[in-house]
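What follows is each chain in one-letter form.
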Amino acid sequence: MSVAAVAAVAADRSVCAPLPVLGRDVRVPLVTGGEVDYAALDYAASAPALQRVWDDVAAYAPYYGSVHRGAGYLSQLSTDLFENSRRTIAEFLGCRADDQVVFTRSTTDSLNLLAAALPQGTRVFVFETEHHASLLPWEQRADVAVTYLNAPRTPQQAVDTLEKALAEREPYGPALVCVTGASNVTGELWPVRELASAAHAHGARIVLDAAQLVPHHPVDLAELDADWVAFSGHKLYAPFGAGVLAGRADWLQAAAPYLAGGGASRKVSRRTDGGVDIEWHTTAARHEAGSPNVIGAYAIASACQALTEAGFPELIAREQDLIDRVRAGLAEVPEVQVLSLFGADAARVGVLSFVVEGWNSSHFAAALSAEYGIGVRDGLFCAHPLVRTLLGTDPQDPGECGAPEAAPGERSLNAIRVSFGVGTPDEHVDRFLRAVTELVTNGATWNYRTEDGRCVPARSAD
C-alpha cells in the first residue's frame, strides 16, 4: 500500500486514539514558521500520562498523607490506597498467591534490587540484546557470574541458545535468566513462555523485563511461568517515577534489605555491647525502606485499571493497524532500512528503529522535530550491543546514547526510533510517514549544527 493510499484509508476512519493522554493538544513552533500539534512518537522512552491517571491522582491529592506512619484519617486513607494499589497491580500481572509486589523507582531499580537479592554464586544468563537496565545490574555482584549470550536471529534460536548454555553450566547451582518481553529497539516480541520452560527444565529461574511489553500486551506471570517481572510506571502511561518488581518471595525474603531504614525493619533494639539488633520485615516492606511513593504506586494501579477496562484485544488490534501502516509507509522509501533481529514478519509492539541512507540519524531526528513537530528518539537507545549488532559495526566503534557521532550527511552509528501506543492519533503516524518521504526526497529545509552533543537547528536556514 502506498503512502497516499494509507492516508486515504486514514481519512475514512476516526483519528482519535483509544485512550486520551496528556499533551495531546500541545502546540509547538516550527523553524519554518507557524505551529503544529506535537506528535509524540517516543512512547518507548516515556509514554504520556493517561488523562484517566492524571484525573485519579488529582482527585486523591487533597487527601495525601503519610503511608504506614500515622493514625490520622488521611494517613489511614493513604495506606489503604497504597496497599489496594499493590493488589490491583498483582491482579493485573496475574501474580500467584505467594508472589510479592515490591514498589521501586523504575525497571532499572527493580532489576538492581533483584541482582542484590541473588544467592551467592548465582550464575546469570542474559542475551546481549537486552536494554542496559537488564544487561548491567548483575555486574555489580562480585560473587555472581554472568554469561552473555549472542544475539539470536530467530525466536527458536533464542530458545536453543539458552538451552545449550544452561546445559553446559558448571558448577550446577542457582541460576537466573534475564530476558526482555519486547525489544526497546526493534519492538519484536520474545518467546518468553518457551524461554521460561527452558530455564525451569534446567533448574534456573527467569525474570522478565516487561518495560516495553506491559504497555502493549497483557502480562500474566502464572501463564508465562515467569518467576519475576519488572517494569516502570512511566512506560505504562503513569508519571511520578515508580516501578514494580513482582514475583517469587523466597530470594527476596532471604536477602538483606535493598535499603536499610524505617519501614523495612519490624523491630530495632540496643544490645548490651552497644550495638543494635534488627528484625527485618519478610513482606514486600523489607525492600521498601523510607516513605513510599504513594502517588507513583496509585498512578500505576490507575493505568492498569484503565488498560484492563479498555480491553487489550481491542488495543492490540488498533496498535497492529498502526504498526502495519508505519511498516508499509517506510517500505515505500528505499533509503530507509528498518532494523530487525527476527525478520520483517516478526510479531512486535509499536516500536520500530531504522536508519536512512545518506543521513546522520541525529540530523534526521532533529529535522523531524524542528520542521514537522514530531518527537522521536535517536541514538543507541541504552542497548548499545544490540544496535551495534543490527548496524553491523565493530563493537569497539565509539558511540554514545543520544549523541551524534558524525556531522549531518556523514556515517552515523546511531539509529532513529519511532514508538507509539494507546494515545497515538492516526494523524501523528500519517505526518511521520509524510515527513520521512519529504526529508529523503527533498532534504531538510533548515541548517543544523551540533551543540552540547545534540544536533539542533541553526539560527537561520542560510
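All figures in this text were calculated on a predicted structure; none of them were measured in a lab.

K.L.:
Hey, could you run me through the nonpolar core in this one?
P.N.:
The biggest cluster of nonpolar side chains holds 84 residues, and the ones touching the most others in it are Ile89 and Leu93. The biggest single contributor to this core is helix 10 (residues 294-310), with 10 residues. If near-sequence neighbours (up to four positions away) are discounted, Ile89 is found in contact with Val101, Phe103, Phe231, Val244, Ala297, Ile300, Ala301 and Cys304. Listed in part, the 34 residues of the second largest apolar core include Val429, Leu433, Trp446 and Tyr448.

K.L.:
Hey, could you run me through the sheet that holds strand 8 (residues 205-209) in this one?
P.N.:
In any sheet, the strands associate via hydrogen bonds between backbone groups, in a parallel or an antiparallel arrangement. Read from one edge to the other, the open sheet built from 7 strands follows the order 4-10-9-8-7-5-6, with strand pairing classed as mixed. Both edges of this open sheet fall to strand 4 (100-104) and strand 6 (145-149), since each of them pairs with a single strand only. Between one strand axis and the next, the sheet turns by 20 degrees as a mean value, whatever way the strands run. With 5 bridges joining them, strand 5 (residues 123-127) and strand 6 adopt parallel strand pairing. Within strand 6, the position partnered with Arg123 by the bridge is Ala145. Contacting strand 4, strand 7 (175-180), strand 8, strand 9 (228-232) and strand 10 (243-247), helix 4 (residues 107-117) crosses the sheet at an angle of about 150 degrees to strand 9. The strands touched by helix 7 (residues 192-201) are strand 7 and strand 8; relative to strand 8, the strand with the most contacts, the crossing angle is about 155 degrees.

K.L.:
Help me out: how do you make sense of the environment of Leu221 in this one?
P.N.:
One can find Leu221 in helix 8 (residues 221-224). The exposure class of Leu221 is buried, given its relative accessible area of 1%. Put simply, Leu221 and Leu307 are 86 residues apart on the chain and 17 Å apart in space, counted from C-alpha to C-alpha.

K.L.:
Explain the sheet that holds strand 17 (residues 415-419) here, please?
P.N.:
Strand order across the open sheet formed by 4 strands is 13-14-17-16, with antiparallel pairing between neighbours. For this open sheet the edge positions go to strand 13 (336-338) and strand 16 (377-379), each flanked by a neighbour on one side alone. Taking each pair of neighbouring strands and ignoring which way they run, the sheet shows an average axis angle of 30 degrees. One ladder, built from 4 bridges, connects strand 14 (residues 351-356) with strand 17; its direction is antiparallel. When the bridges of strand 17 are listed, Phe354 appears paired with Ile416.

K.L.:
Would you mind showing me how to read the confidence of the model for the chain here?
P.N.:
The predicted coordinates ought not to be read in detail in places where the model reports low pLDDT. The pLDDT averaged across the chain works out to 92; a share of 92% of its residues lies at or above 70. The low-confidence segment residues 1-14, where pLDDT is below 50, has 16 contacts with residues more than four positions distant or belonging to other chains. Here residues 400-404 is modelled with pLDDT under 50, and outside its nearest four sequence neighbours on either side it reaches 25 contacts, counting other chains as well.

K.L.:
Which parts of the structure should I look at to understand the packing of helix 11 (residues 312-331) against helix 14 (residues 426-442)?
P.N.:
How two helices sit against one another is set out by the angle between their axes and by the gap between those axes. Contact geometry of helix 11 with helix 14 gives a least axis separation of 10 Å together with a crossing angle of 10 degrees. Taken together, the axes of helix 11 and helix 14 lie roughly parallel to each other. Of the residues in helix 14, those touching helix 11 at Arg318, Leu322, Arg325, Val326, Gly329 and Leu330 are Asp426, Val429, Asp430, Phe432, Leu433 and Val436. For the contact of helix 11 with helix 14, the residue count by class is 7 nonpolar, 1 polar and 4 charged.

K.L.:
So what exactly am I meant to see when it comes to the packing of helix 2 (residues 51-60) against helix 10 here?
P.N.:
One way to put it is that helix 2 packs onto helix 10 with a least axis distance of 9 Å and a crossing angle of 140 degrees. Overall, the two elements helix 2 and helix 10 adopt an arrangement that is oblique. When the axes of helix 2 and helix 10 are compared, the crossing they make is right-handed. Of the residues in helix 10, those in contact with Arg52, Val53, Asp56, Val57 and Tyr60 of helix 2 are Val294, Ile295, Tyr298, Ala299, Ser302, Ala303, Gln305, Ala306 and Glu309. Here the contact of helix 2 with helix 10 is built from residues that sort into 9 nonpolar, 2 polar and 3 charged.

K.L.:
For this particular structure, what's the right way to read the packing of aromatic side chains?
P.N.:
For any pair of aromatic rings, geometry is given as the distance between the ring centres together with the angle between the planes. Within this structure, the stated rule accounts for 12 aromatic pairs. On the numbers, 6.4 Å between centres and 90 degrees between planes, the contact of Phe354 with Phe364 is edge-to-face. Residue Phe354 is found in strand 14, and its partner Phe364 is found in helix 12 (residues 361-372); the two are separated by 10 residues along the sequence. Judged by its relative accessible area of 0%, Phe354 is buried. Overall, Phe364 belongs to the buried group, its relative accessible area being 0%. The ring centre of Tyr172 lies 4.1 Å from the NZ or CZ of Arg169, which sits over that ring.

Rules of the game
- Residues numbered from 1 in each chain as written.
- Predicted model: local features only at pLDDT ≥ 70, side-chain atom pairs only at ≥ 80, totals over all residues.
- Heavy atoms only, no water.
- Core = buried A, V, L, I, M, F, W, Y, C linked by side-chain atoms within 4.5 Å.
- Buried < 20%, exposed > 50% of the residue type's maximum accessible area, 1.4 Å probe, protein only.
- Helix = DSSP H or I, 4+ residues; strand = E, 2+ residues; numbered from the N terminus.
- Contact = heavy atoms within 4.5 Å.
- Pairing = 2+ DSSP bridges.
- Axes fitted to C-alpha atoms, helices over the stretch in contact; angles between N-to-C directions.
- pLDDT = per-residue confidence, 0-100.
- Parallel < 35°, antiparallel > 145°, perpendicular 65-115°, else oblique.
- Nonpolar A, V, L, I, M, F, W, Y, C, P; charged D, E, K, R; others polar.
- Left-handed = near helix turned anticlockwise from the far one by under 90°.
- Phe/Tyr/Trp six-rings, centres within 6.5 Å; stacked < 30°, edge-to-face > 60°.
- Lys NZ or Arg CZ within 6 Å of the ring centre and 35° of its normal.

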